[in-house]
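# Examination of the molecular architecture
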Amino acid sequence: MILILLSKIYFLGPFQSGMRDVGRDFLYPPGEEKYIISLNDTFYSTLSENGILLWKEIKVDSQGYFEIKINEKELEREYSYHGWSFSTVSYIYIDTIFDGGFYLAYPERVSKFYIDSIPYPGNPYQYKDVPVPLYISKGRHRILIITGREGGKIRLRFEKAPLYPFIYENKRWSLIPDILEDTIYEFYIGFWVINPTKKIYKDLKIKAFAGELETEERRINYLMPFEIKYSKVKCLLRKKLKKGDKINLSLRIEGENFDTLAQFYLEVKSKDEPLKITFLSNIDSSVQYFGLRYPKVKGNYLKGVIFTLHGAGVEAYGQVRAYRQKDSLFVVAPTNRRPFGFDWQDLGMLDLWEVIDYVKKNFNVDTERFYLTGHSMGGHGTYFNGIHFADRFAAIVPSAGWVSFRTYVPYFLQGISLFGNPQQIRIRERVLYTEDIQRFVRNALNVPFLIVQGREDESVPAFHPRFMLNLLKKNGIKVHLWEVPEMKHWWNIKETEGVDCVDADTIIKFFKKHKRRVPDSFEFHFSDLGVNNRFYYVKILEPEKYFYPGFLKFKRKKDSIFIKTENINVFELNLASLGIEKIFLNLDGQNFDLKNAGKFVFIKNKKWKKIKNFNRKMPSKFPSNPGLIKNILRNKILIIYSTQEDKGSRSGFRTGTEGIINWNYHLARILSFSLLFRGNMNVKILPDTLFNKKMLSEYNVIFIGQKNSFKGEVKEVIKKLPQKIFKKYGIYDDLLIFVYPSYPFSYKNMNLFIIYSDKNQIRDAFKISLFASGLGMPDGIFVKNSKDLRTKGFAGLGMFLWNKNYTDFEEIAFP
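Residues numbered from 1 in each chain as written. Predicted model: local features only at pLDDT ≥ 70, side-chain atom pairs only at ≥ 80, totals over all residues. Heavy atoms only, no water.

## Quick look at the overall build of the protein chain
- Looking only at helices and strands, one finds 15 helices and 49 strands in the protein chain.
- Here the C-alpha atoms of the protein chain give a radius of gyration of 27 Å, agreeing with the 28 Å that 2.2 N^0.38 yields for 815 residues.
- The C-alpha extent of the protein chain, read off along each of the three principal axes, is 80 × 70 × 60 Å.
- Excluding contacts between residues fewer than 6 apart, the proportion of contacts in the protein chain whose partners are at least 24 apart in sequence is 72%.
- Put simply, the protein chain shows about 32,700 Å² of open surface, and 47% of that area lies on carbon and sulfur atoms.
- Taken together, the 123 basic and 89 acidic charged side chains of the protein chain have centroids lying 5 Å from each other. (Helix = DSSP H or I, 4+ residues; strand = E, 2+ residues; numbered from the N terminus. Rg over C-alpha atoms; globule rule 2.2 N^0.38 Å. Contact = heavy atoms within 4.5 Å. Areas by Shrake-Rupley, 256 points an atom, 1.4 Å probe, with all protein chains shown as cover. Lys, Arg positive; Asp, Glu negative; His and termini not counted. Charge placed at Lys NZ, Arg CZ, Asp CG, Glu CD.)

Take a look at the structure:
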């Protein structure tokens, strides 16, 4: 192991930042990637004495850790009273010498880091085992570490890497399920394959070996330089095993001139123990898992289910272990695609509903007794999913949950909020509207809440539960706040079993008192139909205007139904479950007699009209694929990068004397790493020379490159983009990051284009974190000027109108 052990390490910070601020660079000019330390440089921060910051020398301990300490008293006072968390940015600068070669870097509590001018992804949590493969040439190099984790130990360590691909033999990042005793079944295991070299491996074989298992052989057709790829193997038990047995599983990876082996162990457990259950995701064909506790009471009758959502940095298996075994309830903990994920929105939300569907299909469960709870980030996820999907649950219990991004980490500190023009802010507000769950609480008119909170919580202050208690009560929702004196964030009463902040008797008794019911009246409030478009008897097929709020109010009196709507153009009304032959419907003042009550579709063209079917004329935005950059996550992802950069730009960046790596490819692998580390996603990277248009029907494709540099069939895709519209708005020669349908090649999928025009613009693309939650990513981001991005955040935003020809933007805004 090689540690950074130098006499001179410097610290600068903290700078006050907005939550996940996009592109902000407090060293600009000349910018983080080009900055060389000067102790005479003066910086300015609202969090420093007299508003001035200077570089300070800090010490490193024998293990390579350095600890940043700042005065947080004023920040903590705001936090305690108002419930605001705070977001900061600090820098650590190191000048060091390497002996050269291929390395695995392991960042801890690091947002990202630069080696010379080259950016690399970080790891914001204190995990010691997140590898970043890279090459460092022999000699002196400057390292700039960016962190938002003051008050804790930070480290960036390096180890020499093997000179061939290998399976990462690490328990945390491998998905190895528990085996259920006395059962024969199929299951999947998931693992990381790392290529720490600059070579492309075109054909790798992966084979699993275990005496108790039948396994398949898998191939990786292309493993790119310095890539980490998520792979899987399907296994079938050959015989029933007993509790306490272990399966020794060997994974072999073979390629040209190498053959390596990794060892994993699978434990055989009983139904009385917490279990890890793996499954194959329908989103991206990756292996995911959930934590499970079977009920104590056996028997072939329907059992209820507690779905429990974990907090940031917590594993689903750890969450389910906090629960006692229940008499007649399953306990199920989805992963949110691993320890921190997407705050139970985006991929986290999709993961929750995949697990719910899996449980409904594979276990004998009572859907009228589905309960939702969660702690910390999972408490926020309980608010978000419980309110948007209030018709699916019998009772909801958020524990130590923050309400929304806007109420937890102030948005007004973000660059776009401080400097954006009114139209920019309006576009972003439309995208973020769904995040503010307080706007949608009337969806939960028919579902009871119990809010759980430790009064001395140091992570999520009591502001949040008290705010929600007041709001829910004002809206006529049954709610009780259980605020426990002297308890902090994760709390437990020693005299009781289980971990009480999630598993107290008070919580379980509350669940058992309630069953889901279909009410005679309800309200469904929405803005982004990509989150949810179905509520009790109603499915919204098309709004009048996308990403604007709308609602449907439903009331039934015997055989009469009254509906009021706003911002709905087409919806489906399914009344088959009522078992009534004739229904009188009053829809926004119009009357309809519905015979043989079943499924009906209504479309609005000044007046409402009942139609047999709604045949969407593609292409169009629609509920399951409404646009927005992050909708690219809803499918298998293929990243295509241009192999040739424009003649006017540098041909690449040097990774040392051994070679040059294309900037487009480097961005591709950083995006791939982000989706693997944050979302456990299966991502494929290929050069443009290997792309064919058939891939558009299988993948959501991310294209990266200069607009005139793509080769092969990518050229045809680029030509179909609305070039005239780019010129019309004066954005043709800037960095464009936008989502666009695969039309005319495929109607089903979305593509993301990261296209730039000059040699410096690709650097700006590295500044934009595309797949973190709470960022408000619209259909397009347009960067006209690096200075605007680095000092103010977003430079330009856009929303496509997406008419039948995709010919125009609905609105676009620049500074």
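Back to the write-up after that little detour.
## Topic: the pattern of salt bridges
- Evaluation of the coordinates by the stated rule reveals 51 salt bridges.
- As a salt-bridge pair, Asp-272 and Lys-298 come within 3.7 Å of each other at their nearest N and O atoms. Separated by 26 residues along the polypeptide, Asp-272 in the loop between β21 (258-269) and β22 (275-280) and Lys-298 in the loop between β23 (287-293) and β24 (303-309) bring together distant segments of the chain.
- Using a relative accessible area of 41% as the deciding quantity, one classes Asp-272 as partly exposed.
- Its salt-bridge partner being Lys-545, residue Glu-810 comes within 3.9 Å of it at the nearest N-O pair. Placement of the pair is Glu-810 in strand β49 (residues 809-813) and Lys-545 in the loop between β32 (538-542) and β33 (550-557), with a sequence separation of 265 residues.
- Take Glu-810: its relative accessible area is 24%, and that puts it in the partly exposed class.
- A single network of salt bridges, built from pairs that share partners, joins Asp-25, Glu-32, Glu-33, Lys-112, Asp-764, Lys-767 and Arg-790. (Salt bridge = Lys/Arg side-chain N within 4 Å of Asp/Glu carboxyl O. Buried < 20%, exposed > 50% of the residue type's maximum accessible area, 1.4 Å probe, protein only.)

## A short note on the confidence of the model for the protein chain
- Mean pLDDT over the protein chain works out to 90, with 94% of the residues at or above the 70 mark.
- In this model, residues 646-659 is a region of pLDDT below 50 whose contacts with residues beyond four sequence positions or in other chains number 35 contacts. (pLDDT = per-residue confidence, 0-100.)

## Observations regarding helix α11 (residues 663-679)
- Over its 17 residues, α11 extends 23 Å from the first C-alpha to the last, a length consistent with the 24 Å expected when each residue adds 1.5 Å.
- With respect to burial, α11 is a largely interior element, 16 of its 17 residues being buried.
- N-cap assignment for α11: the residue whose side-chain oxygen lies 2.5 Å from the backbone N of Asn-664 is Asn-662.
- Remark: Asn-680 follows α11 within two positions and exhibits a positive phi of approximately 55 degrees. (Expected span 1.5 Å × (residues − 1). Polar contact = N/O pair within 3.5 Å; in protein donor to acceptor, adjacent residues only side chain to side chain.)

## Remarks on the side chain of Asn-567
- Position of Asn-567 among the secondary structure elements: in the loop between β34 (560-566) and β35 (570-574).
- Among the polar contacts made by the side chain of Asn-567, one reaches the main-chain amide nitrogen of Lys-545 at a distance of 2.8 Å.
- Looking at Asn-567, its side chain comes within polar contact range of the main-chain oxygen of Tyr-548, at 3.0 Å.
- Residues in contact with Asn-567, not counting those within four places in the same chain, are Phe-526, Pro-543, Glu-544, Lys-545, Tyr-548, Pro-549 and Gly-550.

## Digging into the side chain of Gln-438
- With respect to the helices and strands, Gln-438 occurs in the loop between α7 (422-432) and β28 (449-454).
- Since its relative accessible area comes to 18%, Gln-438 is described here as buried.
- If we skip the residues at most four places from it in the chain, Gln-438 touches Val-403, Ser-404, Thr-407, Phe-467 and Leu-471.

## A short note on the packing of aromatic side chains
- This model, assessed by the stated rule, comprises 59 aromatic pairs.
- Look at Tyr-168 and Trp-192: their rings are 6.1 Å apart centre to centre, the planes differ by 20 degrees, and that puts the pair in the stacked class. Highlighted residues: Tyr-168 in the loop between β13 (166-167) and β14 (179-180) and Trp-192 in strand β15 (residues 186-194), separated in sequence by 24 residues.
- Judged by its relative accessible area of 9%, Tyr-168 is buried.
- By relative accessible area, Trp-192 is classed as buried at 1%.
- When the centroid spacing of 5.8 Å and the interplanar angle of 45 degrees are considered together, the rings of Trp-353 and Phe-393 count as tilted. With Trp-353 in helix α3 (residues 346-362) and Phe-393 in the loop between α4 (377-388) and β27 (395-399), this pair connects stretches of sequence that are 40 residues apart. You'll find Trp-353 and Phe-393 in the same group, each marked buried.
- These aromatic residues form a ring-pair network of at least three members: Phe-15, Phe-26, Tyr-35, Phe-43, Trp-55, Tyr-91 and Tyr-93. (Phe/Tyr/Trp six-rings, centres within 6.5 Å; stacked < 30°, edge-to-face > 60°.)

## Here's the deal with helix α8 (residues 463-474)
- Between its first and last C-alpha atoms α8 spans 17 Å; for 12 residues at 1.5 Å apiece the expected length is 16 Å, and the two agree.
- Buried within α8 are the following residues: His-464, Pro-465, Met-468, Leu-469, Leu-471 and Leu-472.
- Those residues of α8 hidden inside the fold are in contact with α4, α5 (405-408), β28 and β29 (479-484).
- Looking one or two residues past α8, Gly-476 carries a phi angle of roughly 75 degrees, positive in sign.

## So, the sheet that holds strand β39 (residues 607-611)
- Strand order in the open sheet formed by 5 strands is β31-β32-β35-β38-β39, with antiparallel pairing between adjacent strands. In this open sheet, the two edge strands, each paired with only one partner strand, are β31 (534-535) and β39.
- Where β35 and strand β38 (residues 599-605) come together, 5 bridges link them in antiparallel fashion. Each residue of the ladder has a partner; that of Leu-573, found in β38, is Phe-600. (Pairing = 2+ DSSP bridges.)

## Things to note about the sheet that holds strand β43 (residues 683-687)
- Strand order in the open sheet formed by 8 strands is β43-β40-β44-β46-β45-β47-β48-β49, with mixed pairing between adjacent strands. Bordering the open sheet on either side are β43 and β49, each of which pairs with just one other strand. If you compare each strand with its neighbour and ignore which way they point, the axes differ by 15 degrees on average.
- Seen against the sheet, α7 touches β48 (797-800) and β49 and runs at an angle of roughly 125 degrees to β49.
- Packing against the sheet, α11 makes contact with β40 (637-641), β43, β44 (700-706) and β46 (750-756), and its axis sits at approximately 165 degrees to β40. (Axes fitted to C-alpha atoms, helices over the stretch in contact; angles between N-to-C directions.)

## Examining the environment of Phe-412
- Tracing the backbone through its elements, the reader meets Phe-412 in the loop between α5 and α6 (415-419).
- Measuring from C-alpha to C-alpha, the distance between Phe-412 and Lys-694 comes to 44 Å, with 282 residues separating the pair along the chain.

## Observations regarding a nonpolar patch on the surface
- Taken together, the side chains of Tyr-44, Ile-52 and Leu-54 define a hydrophobic patch exposed on the protein surface, amounting to about 330 Å² of accessible area.
- When you line up the elements, Tyr-44 lands in strand β2 (residues 43-44). (Patch = residues over 30% accessible without salt bridge, like charges linked within 9 Å, V, L, I, M, F, W, Y side chains within 5 Å.)

## Quick notes on the pairing of strand β36 (residues 582-587)
- Inspection of the sheet shows β34 paired to β36 by 4 bridges, in the parallel sense. When the sheet's bridge partners are listed, Phe-562 is paired in β36 with Asn-586.
- Taken together, the 6 bridges between β36 and strand β37 (residues 590-595) define a ladder with antiparallel strand orientation. When the sheet's bridge partners are listed, Asn-586 is paired in β37 with Asn-591.
- Hairpin geometry of β36 and β37 is characterised by an intervening segment of 2 residues between the two adjacent antiparallel strands and by a positive phi of about 50 degrees at Asp-588.

## Remarks on the environment of Asn-443
- For Asn-443, the position within the fold is in the loop between α7 and β28.
- Residues Asn-443 and Ile-277, 166 residues apart in the sequence, show an inter-C-alpha distance of 32 Å.
- At 3.4 Å, the side chain of Asn-443 forms a polar contact with the backbone oxygen of Ile-387.
- Within the local environment of Asn-443, its side chain forms a polar contact with the backbone nitrogen of His-525, the two atoms lying 2.7 Å apart.

## A word on the pairing of strand β9 (residues 118-123)
- Across the 6 residues of β9, 6 count as buried, placing the element largely inside the fold.
- Inspection of the sheet shows strand β8 (residues 110-115) paired to β9 by 5 bridges, in the antiparallel sense. Bridge pairing links Ile-115 to Ile-118 in β9.
- The turn joining β8 and β9, which pair antiparallel and follow one another in sequence, is formed by 2 residues; a positive phi near 55 degrees is taken by Asp-116.

## Quick word on the nonpolar core
- One finds Phe-571 and Leu-770 to be the most contacted residues of the largest nonpolar core, which totals 165 residues.
- What Phe-571 contacts, discounting residues up to four positions off in sequence, is Val-538, Lys-539, Ile-540, Leu-541, Leu-552, Ile-563, Leu-587, Phe-600, Val-601, Phe-602 and Trp-608.
- Membership of the second largest hydrophobic core comes to 73 residues, among which are Ile-228, Ala-316, Val-499 and Ala-504. (Core = buried A, V, L, I, M, F, W, Y, C linked by side-chain atoms within 4.5 Å.)

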